[in-house]
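Okay, here's what each chain looks like letter by letter:
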Amino acid sequence: MATVLITGTSRGIGLEFVRQYAQDGWHVIACCRHPATAENLNRLAAQYPGHIRIYALDVASHQQIDRLASSLANETIDLLINNAGIYPPSDDGGFGSIDYAAWIQTLQINTMAPLKMAEAFVNQISSSNLKTITTITSKMGSIADNQRGGSYIYRSSKAAVNMVAKSLAIDLRPHGIISVLLHPGWVKTDMGGRDALISTEQSVTGMRRVLSRITLADSGKFIAYDGQLIPW
Ligand SMILES: NC(=O)c1ccc[n+]([C@@H]2O[C@H](COP(=O)([O-])OP(=O)(O)OC[C@H]3O[C@@H](n4cnc5c(N)ncnc54)[C@H](OP(=O)(O)O)[C@@H]3O)[C@@H](O)[C@H]2O)c1
């Protein structure tokens, strides 16, 4: 059975990825910042014994990423899901009120961490069957789709990670590794809020369907949870 490593699994979309892959019989390496207080994740691990291993990981810490990669050096990882992300509340302040400290932190988590994860885990991924890296981005990172302006921090962090994943697709192609960007839709989570259009279950079901069909020919694409291509 295949193995998936997912970041940011304490809640929201990451938690639902854990639930669905464990339910399907996959081995899930579930990473979160604070395992001791991740109650819903611990409950899932108890519900699917032997399928979910939980590891502490703050993706802003390159030291923690390197340490985890060393401790999992003998594993194969079919699918890496770079899911952890933030939308700093101060981003709503907009032009004239940019929170530059929050911007740096957002770039560390949303943009740099996915690349650092790929660097740290490339051996485990290239020795697997599926050899896939997916980065959960956002349509808000699409320059072509930006009609409303604002959200400078979040939008730029996702536009930048789109470029990261595209370069990864090119650089890792000789190793047979696929790198794709997924937009989860507007999802009812702490980040998406109550007015969001779809549930985590709908979003993750859709993204898993997309992932189950991709091949190396799709590497470098920016795809929504419903399979539609998103303009850059
Ligand atoms: N919801 C939407 O409508 C939507 C739309 C487009 C894209 N996305 C993207 O989808 C992904 C998941 O979002 P979500 O809606 O599930 O958000 P969420 O409910 O706010 O959950 C975010 C997750 O990321 C984790 N996280 C934050 N900073 C972290 C760090 N430094 N290290 C490790 N984990 C960290 C959080 O862990 P803690 O519990 O420890 O904080 C939490 O598990 C994000 O990349 C987001 O940008 C979401």
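Criteria and thresholds
- Residues numbered from 1 in each chain as written.
- Predicted model: local features only at pLDDT ≥ 70, side-chain atom pairs only at ≥ 80, totals over all residues.
- Near = placed C-beta within 6 Å.
- Helix = DSSP H or I, 4+ residues; strand = E, 2+ residues; numbered from the N terminus.
- Nonpolar A, V, L, I, M, F, W, Y, C, P; charged D, E, K, R; others polar.
- Buried ≥ 20, exposed ≤ 12 C-beta atoms within 10 Å, placed from the backbone.
- Arc of directions from axis to C-beta.
- Contact = placed C-beta atoms within 7 Å.
- Pairing = 2+ DSSP bridges.
- Right-handed = clockwise from strand over helix to strand, strands pointing away.
- Axes fitted to C-alpha atoms, helices over the stretch in contact; angles between N-to-C directions.
- Parallel < 35°, antiparallel > 145°, perpendicular 65-115°, else oblique.
- Left-handed = near helix turned anticlockwise from the far one by under 90°.
- Expected span 1.5 Å × (residues − 1).
- Core = buried A, V, L, I, M, F, W, Y, C linked by C-beta atoms within 7 Å.

On to the site of the ligand, then. Within the structure, the ligand sits among 29 residues, and Gly8, Gly12, Gly85, Thr189 and Gly192 are positioned closest to it. If you tally residues by element for the shell around the ligand, the top one is helix H1 (residues 12-23), at three residues. Considered class by class, the residues forming the shell around the ligand number 14 nonpolar, eleven polar and four charged.

When we look at burial in helix H3 (residues 62-71), the residues that qualify are Ile65, Leu68 and Ala69. Viewed along the axis of H3, the buried residues span an arc of 100°, placing them on a single side of the element. Residues of H3 that are exposed and point more than 90 degrees away from the buried face comprise Gln63, Ser70 and Ser71. Buried residues along H3 sit against strand S3 (52-56) and helix H4 (100-126).

On to the pairing of strand S1 (residues 3-6). The side chains of a regular strand alternate, first on one face of the sheet and then on the other. The alternating pattern of S1 places Thr3 and Leu5 on one face and Val4 and Ile6 on the opposite face, and all of these are buried. Where S1 meets strand S2 (residues 27-32), four bridges bridge the pair, whose relative direction is parallel. What sits directly across from Ile6, in S2, is Ala30. For the crossover that starts at S1, traverses H1 and ends in the parallel S2, the hand is right-handed.

This next bit is on the packing of H1 against helix H6 (residues 200-213). Interhelical geometry of H1 versus H6 gives an angle of 60° and a closest axis separation of 9 Å. If you check the angle between H1 and H6, you find them oblique. Once H1 is placed against H6, the crossing between them reads as right-handed. Along its contact with H1, which presents Gly12, Ile13, Glu16, Phe17 and Gln20, the element H6 presents Thr200, Glu201, Ser203, Val204, Thr205 and Arg208.

Examined against the element boundaries, Pro89 turns out to sit in the loop between strand S4 (79-82) and H4. Pro89 sits in the exposed class, given 9 other C-beta atoms within 10 Å. Placed 125 residues apart in sequence, Pro89 and Ile214 show a C-alpha to C-alpha distance of 34 Å.

What follows concerns the sheet that holds strand S5 (residues 132-136). Across the sheet, seven strands lie side by side as S3-S2-S1-S4-S5-S6-S7; this open sheet has parallel pairing. Bordering the open sheet on either side are S3 and strand S7 (222-224), each of which pairs with just one other strand. Strand-to-strand twist across the sheet, computed as the mean angle between neighbouring axes with direction ignored, equals 20°. Taken together, the three bridges between S1 and S4 define a ladder with parallel strand orientation. Bridge pairing in S4 links Val4 to Leu79.

What follows covers H1. Residues that lie three or four places apart on an α-helix share one face, since the helix turns once every 3.6 residues. Taking 1.5 Å of rise per residue, twelve residues should cover 16 Å, and H1 covers 17 Å from first to last C-alpha, within 8% of that figure. Taking burial as the measure, the twelve residues of H1 include ten buried ones, the bulk of the element. Among the residues of H1, those classed as buried are Gly12, Ile13, Gly14, Leu15, Glu16, Phe17, Val18, Arg19, Tyr21 and Ala22. Of the residues flanking the end of H1, it is Gly25, one or two places downstream, whose phi is positive at about 95°.

Here we take up the pairing of strand S6 (residues 178-183). For S6, the buried fraction is high: six of the six residues fall into the buried class. Of the strand pairs in this sheet, S5 and S6 are connected by five bridges, and their pairing is parallel. When the bridges of S6 are listed, Thr135 appears paired with Leu181. Across three bridges, S6 lies against S7 in parallel orientation. Each residue of the ladder has a partner; that of His183, found in S7, is Ala224. Taking the sense of rotation as the criterion, the β-α-β connection linking S6, H6 and S7 turns out left-handed.

Turning to the nonpolar core, a few remarks are in order. The biggest cluster of nonpolar side chains holds 56 residues, and the ones touching the most others in it are Ile6, Val18, Val28, Ala30, Leu41, Leu80 and Phe121. With seven residues, H4 is the largest single contributor of residues to this core. Other than its neighbours up to four places away in sequence, Phe121 contacts Leu5, Ala69, Ile77 and Leu80.

That's the geometry; what it means functionally is another story.
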